[in-house]
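Given next are the chains, with one letter for each unit.
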Amino acid sequence: MRRRAADYRRPVRRRLSQWICALLGMFLIAGLVLFVFHHHHHEDQVTQPIQENHARPKPVNHEGLNFTKEILSATSFARRVAEQMTLAKAYVVIAKEHNNLHLAWELSNKIRSCQLLLSKTAMRGEPITKEEAEPIISSLSYLIFKAQDAHYDVATTIMTMKSHIQALEGRANAATVQNTVFGQLVAEALPKSLHCLKVKLTTDWLKKLPLQDLAEEKRNSPRVVDNNLYHFCIFSDNVLATSVVVNSTISNADHPKQLVFHIVTNGISYGAMQAWFLSKDFKGATIEVQNVEEFSWLNASYAPAVKQLHDEDSRYYFSGYQDVKEEPKLWNPKYLSLLNHLRFYIPEIYPLLEKIVFLEDDVAVQKDLTQLFSLDLHGNVNGAVETCLVAFHRYYKYLNFSNPIISSKFDPQACGWAFGMNVFDLIAWRKANVTAQYHYWQEQNADQTLWKLGTLPPALLAFYGLTEPLDRRWHVLGLGYDMNIDSRLIESAAVIHFNGNMKPWLKLAIGRYKPLWERYINQSHPYYQDCVTS
């Protein structure tokens, strides 16, 4: 084959080399451009924050950020995130009920993101920024719109949430009732230490015949009917509590030898009560102990309360906790005890006495009470401290004024008063025949339509218009439930009353008040040391 002339071959090689040079030049230029671009971009990233820092004002110190205020602020991103999260939680419930588990899962994930963001905000002490909040708010808004688009409309949401709120309220109410029941059970239970004390004292009473002879001698003492002395009555089956009432009264009396205590207890506690009060002199004061079961005159044919206590079909007094709708405090077994109703039969129990002070077993005395006997009751039967400083203790709170029997005879705004420390003029009592009034109202309330359980409601009716208000310093109440009583009021009180479930002899007693009661316990008694302190 004939080769081409050289003139024709050189130009080809020249054109090829030119193309190669052009391509290499283009690569070099492109590389240079990329290098310059990246270098410039890096400088922008470095210099921009510096410039912004120069232009930005001095940062605010958020170390003292109040997260609660932040989340409540209408303009904060934390508030917006929290609101979106709350709405998302509602739609999670609805989505699950409609079996849309995927949507519920998506919402739950976003809710966790919200919780994490809020948690970080609280930990670092700085508010949520717009850049942090907007992505979460936008994604949650999209999912909420998706839920609404699935026909979970406002009406469905409201109905669903209403049903859940009602269910939660039901559970909360049940828990409250249960808590009250447990508290009531603790308050009613006799501590092992007191049971031990009662057993040891009862054993002494049964074994030591001289104690029984001494008790008979004191019962026949003329001092128990001497109206020149100061008489106090206590109705209780709690030996230790009764001893505190007696000790505190004697300790603060100017002339303890002029005091006479009339204690009535039940058959179970009778021996223990006698053994305790016969073991000490009590500064010359006279102490009489009686057994309520020996009051043969106090029977079902005479006293409506006795009849109701023995009537199994009566709803007025019931045992057990069958009806959770009843007020738990009314389940207390004391309402089943005849000792609780003896206060209405004081003139019959002590027919020869003219004036007497009634003390409940959960009080402690801090002043000389003999001055009560010189108070002018202005012809009234009952001297008591009124409790109407709060609206709860008006008559309409205790009695059913929708019943015409009540509304036609009593003022609903009349002031209530307290049992616990009362001075009774027994001459005026017999003249007004208060016990007969009590019987009348007990019979009227056989179906429990006028009031619930308790002795105060019938007392408000029986002593209506026959009660003389006393200075409130004679009797301060609430130490068994109120932790915020003014210390000055307690110090000035003649009698402090541990009414409520937190009795001072229980472990759940209010620690602030318990020493006021414990200081009057005879801790030197050997059985107290064996049973209580050990």
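Residues numbered from 1 in each chain as written. Predicted model: local features only at pLDDT ≥ 70, side-chain atom pairs only at ≥ 80, totals over all residues. Heavy atoms only, no water.

Student: Before we move on, can you summarise the overall build of the protein with the specific residues and values?
Tutor: What the protein contains, in helices and strands, is 20 helices and nine strands. Taking the contacts inside the protein whose residues are at least 6 apart along the sequence as the reference set, 75% of them involve residues at least 24 apart. By element, 56% of the accessible surface of the protein is carried by carbon and sulfur atoms, the whole surface being about 30,100 Å². (Helix = DSSP H or I, 4+ residues; strand = E, 2+ residues; numbered from the N terminus. Contact = heavy atoms within 4.5 Å. Areas by Shrake-Rupley, 256 points an atom, 1.4 Å probe, with all protein chains shown as cover.)

Student: Before we move on, could you go through the packing of helix H3 (residues 77-97) against helix H4 (residues 101-124) and cite the residues and values that matter?
Tutor: Packing of H3 against H4 leaves a shortest axis separation of 9 Å and a crossing angle of 155 degrees. The orientation of H3 relative to H4 falls into the category roughly antiparallel. As for how H3 packs across H4, the hand of that crossing is left-handed. In this structure, H3 uses Ala78, Val81, Met85, Ala88, Lys89, Tyr91, Val92, Ala95 and Lys96 to contact H4, whose residues at the interface are Leu103, Ala104, Leu107, Ser108, Ile111, Cys114, Gln115, Leu117 and Leu118. (Axes fitted to C-alpha atoms, helices over the stretch in contact; angles between N-to-C directions. Parallel < 35°, antiparallel > 145°, perpendicular 65-115°, else oblique. Left-handed = near helix turned anticlockwise from the far one by under 90°.)

Student: Give a description of the state of the cysteines that names residues and reports values.
Tutor: Scanning the model with the defined rule gives two disulfides in all. What pairs with Cys196 in a disulfide is Cys531, and their sulfur atoms sit 2.0 Å apart. Looking along the S-S bond of the Cys196-Cys531 disulfide, the torsion reads about -60 degrees, which is the left-handed sense. Here Cys196 is found in helix H7 (residues 192-207), whereas its partner Cys531 is found in helix H20 (residues 526-533), with 335 residues between them in sequence. A relative accessible area of 24% means that Cys196 is categorised as partly exposed. (Disulfide = S-S within 2.5 Å. Buried < 20%, exposed > 50% of the residue type's maximum accessible area, 1.4 Å probe, protein only.)

Student: Please give an account of the pairing of strand S3 (residues 286-291) that cites residues and values.
Tutor: The element S3 is extensively covered by neighbouring structure, given that six of its six residues are classed as buried. Because side chains alternate across S3, one face comprises the buried residues Thr286, Glu288 and Gln290, and the other comprises Ile287, Val289 and Asn291, equally buried. In this view, the connection linking strand S2 (residues 259-265) to its parallel neighbour S3 by way of helix H10 (residues 267-277) has right-handed handedness. (Right-handed = clockwise from strand over helix to strand, strands pointing away.)

Student: Quick rundown of the confidence of the model for the protein? Include the residues and the values.
Tutor: In the predicted model, the protein carries a mean pLDDT of 82, and the fraction of residues at 70 or more is 78%. Confidence drops under pLDDT 50 across residues 6-13; counting only partners more than four residues distant or on other chains, this segment forms two contacts. Every residue in residues 315-325 scores below 50 in pLDDT, and together they form 31 contacts with partners more than four places removed in sequence or on other chains. (pLDDT = per-residue confidence, 0-100.)

Student: Outline the pairing of strand S4 (residues 355-359), supporting the account with residue identities and numerical values.
Tutor: For S4, the tally of buried residues reaches five of five residues, placing the bulk of the element in the interior. In this sheet, S4 lies alongside strand S1 (residues 230-235) in parallel orientation, the contact comprising two bridges. Opposite Phe232, over in S4, you have Val357 as the bridge partner. Bridge count for S4 against strand S7 (residues 421-425) is five bridges, and the pairing is antiparallel. Directly across from Val357, in S7, lies its bridge partner Val423. (Pairing = 2+ DSSP bridges.)

Student: Outline the sheet that holds S4, supporting the account with residue identities and numerical values.
Tutor: Strand order in the open sheet formed by seven strands is S3-S2-S1-S4-S7-S6-S8, with mixed pairing between adjacent strands. The open sheet terminates on both sides in strands that have one partner only, identified here as S3 and strand S8 (467-469). Within this sheet the neighbouring strands show an average axis-to-axis angle of 25 degrees, counted without direction. Where S1 lies against S2, six bridges are found, and the strand directions are parallel. Considered in S2, the bridge of Cys233 is made with His262. This element, helix H9 (residues 239-251), spans S1, S2, S3 and S4 of the sheet and lies at about 170 degrees to S2.

Student: How would you summarise unusual backbone geometry if you had to cite specific residues and measurements?
Tutor: One non-glycine residue with positive phi stands out, namely Phe282, at about 60 degrees. With respect to the helices, strands and loops of the structure, Phe282 is situated in the loop between H10 and S3. The phi torsion at Asn433 lies on the positive side, around 55 degrees, for a residue other than glycine. Mapped onto the elements, Asn433 comes out in the loop between helix H15 (426-432) and helix H16 (434-444). Note on Asn433: relative accessible area 44%, which makes it partly exposed.

Student: I'd like a description of the pattern of salt bridges, backed by residues and values.
Tutor: Taken as a whole and assessed by the stated rule, the structure comprises 11 salt bridges. Here Lys130 ties to Glu134 by a salt bridge, and the two come within 3.8 Å at their closest N and O atoms. Of the two residues, Lys130 and Glu134 are both situated in helix H5 (residues 130-149); the distance of four residues between them amounts to about one turn of the helix. What makes Lys130 partly exposed here is its relative accessible area of 44%. Assessed through its relative accessible area of 39%, Glu134 is described here as partly exposed. Here Asp486 and Arg488 are joined by a salt bridge, their closest N and O atoms 3.0 Å apart. On the basis of relative accessibility, which here comes to 35%, the residue Asp486 falls in the partly exposed class. On the accessibility criterion, Arg488 (62% relative accessible area) is exposed. (Salt bridge = Lys/Arg side-chain N within 4 Å of Asp/Glu carboxyl O.)

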